[in-house]
Amino acid sequence: MTVQKATNIKWHHGKITKDDRVNLMKQKGVTIWLTGLSGSGKSTIAVELEHALLENKHLAYILDGDNIRHGLNKNLGFSPEDRTENIRRIGEVAKLFTDANMIAITAFISPYRQDRDNVRKLLKDGEFIEIYIKCPIEVCEQRDTKGLYKKARAGEVKEFTGISAPYEEPLHPELTVDTSKMTVDESTRAVLNYLEAKGYVKF
Ligand SMILES: Nc1ncnc2c1ncn2[C@@H]1O[C@H](COP(=O)(O)OP(=O)(O)OP(=O)(O)O)[C@@H](O)[C@H]1O
Ligand SMILES: [Mg+2]
């Protein structure tokens, strides 16, 4: 648990309500949390999803693993504690985006169930959609888009999810997308259909 250091702080409320933003933007802010092994397809789907949403005049923004580690989380590594802190900070950022009524799409391996559940708890009911980007590790390893599986097998990359660090599958994700059985288009469409069916967006 992260310690609260600051004292004597008080929340300052604005005049704009969530409903004001929903009416203005014609969408309901939400965090779409993609989780899965490296190479499962999180970034690929995030990019297609963001594109499809913007083409339909919906505001979405991707928070992606490596990108965030270049800046906000550049002081964090891949130990269990750092992974937890990584996800905690991302969760807080996603919460801000969601409060601003954006569709935040996150693409992090986020291997620990507890960390993901903590983010879910940060957000209100219906504001967190956990999507399991499912793909057998053999397929991810064959894809090896970043060449990291090879390095992990050779022991050159330590604490690599699925090889030398655990991945805890979601138990009750809102949606599961099996990218070993679906095309990129079909996977993206499955998420878009979910968003429309639940009234977050309208096409
Ligand atoms: N249905 C699918 N959905 C997404 N990607 C797919 C699908 N089928 C095949 N792929 C391919 O799988 C690879 C997924 O790589 P991607 O970088 O998106 O994975 P990632 O989950 O973001 O990994 P990392 O955690 O390392 O960032 C891409 O080469 C993509 O073209
Ligand atoms: Mg990625």
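Please read these numbers as outputs of a predicted model, since none were measured by experiment. (Residues numbered from 1 in each chain as written. Chains lettered and ligands numbered in written order. Predicted model: local features only at pLDDT ≥ 70, side-chain atom pairs only at ≥ 80, totals over all residues. Heavy atoms only, no water.)

(A) Representation of the pairing of strand β3 (residues 103-107). Most of β3 is tucked away: 5 of the 5 residues are buried. A two-sided burial pattern is seen for β3, the buried positions comprising I103, I105 and A107 on one face and A104 and T106 on the other. As judged from the 5 bridges shared by strand β1 (residues 30-35) and β3, these two strands associate in the parallel manner. When the bridges of β3 are listed, I32 appears paired with I105. Two strands pair when backbone bridges link them, and strand β2 (residues 60-64) and β3 are joined in this way by 5 bridges, in the parallel orientation. Residue A60 lies in a different strand from β3, and its bridge partner there is I103. (Buried < 20%, exposed > 50% of the residue type's maximum accessible area, 1.4 Å probe, protein only. Helix = DSSP H or I, 4+ residues; strand = E, 2+ residues; numbered from the N terminus. Pairing = 2+ DSSP bridges.)

(B) Structural view of the site of ligand 1. Close to ligand 1 lie 18 residues; S38, K42, T44, K146 and M182 are nearest. Taking S40, its main chain carries an N or O atom lying 3.4 Å from an oxygen atom of ligand 1. About the coverage of ligand 1: the protein hides 80% of its 640 Å² of free accessible area. Using a 2 Å cut-off from the grid points, one finds that ligand 1 occupies the largest pocket. Those elements that provide at least two residues to the shell around ligand 1 are α2 (42-55) and α8 (184-197). When residues of the shell around ligand 1 are assigned to their parent elements, the largest contribution, 4 residues, is made by α2. Of the residues assigned to the shell around ligand 1, the class counts are 5 nonpolar, 10 polar and 3 charged. (Near = heavy atom within 4 Å. Polar contact = N/O pair within 3.5 Å; in protein donor to acceptor, adjacent residues only side chain to side chain. Areas by Shrake-Rupley, 256 points an atom, 1.4 Å probe, with all protein chains shown as cover. 1 Å grid on protein atoms, 1.4 Å probe; cavity = no way out; pocket = protein on both sides within 12 Å on 5 of 7 lines; lining within 4 Å. Sits in = over half its atoms within 2 Å of the grid points. Nonpolar A, V, L, I, M, F, W, Y, C, P; charged D, E, K, R; others polar.)

On their own, these measurements won't tell you what the molecule is for.
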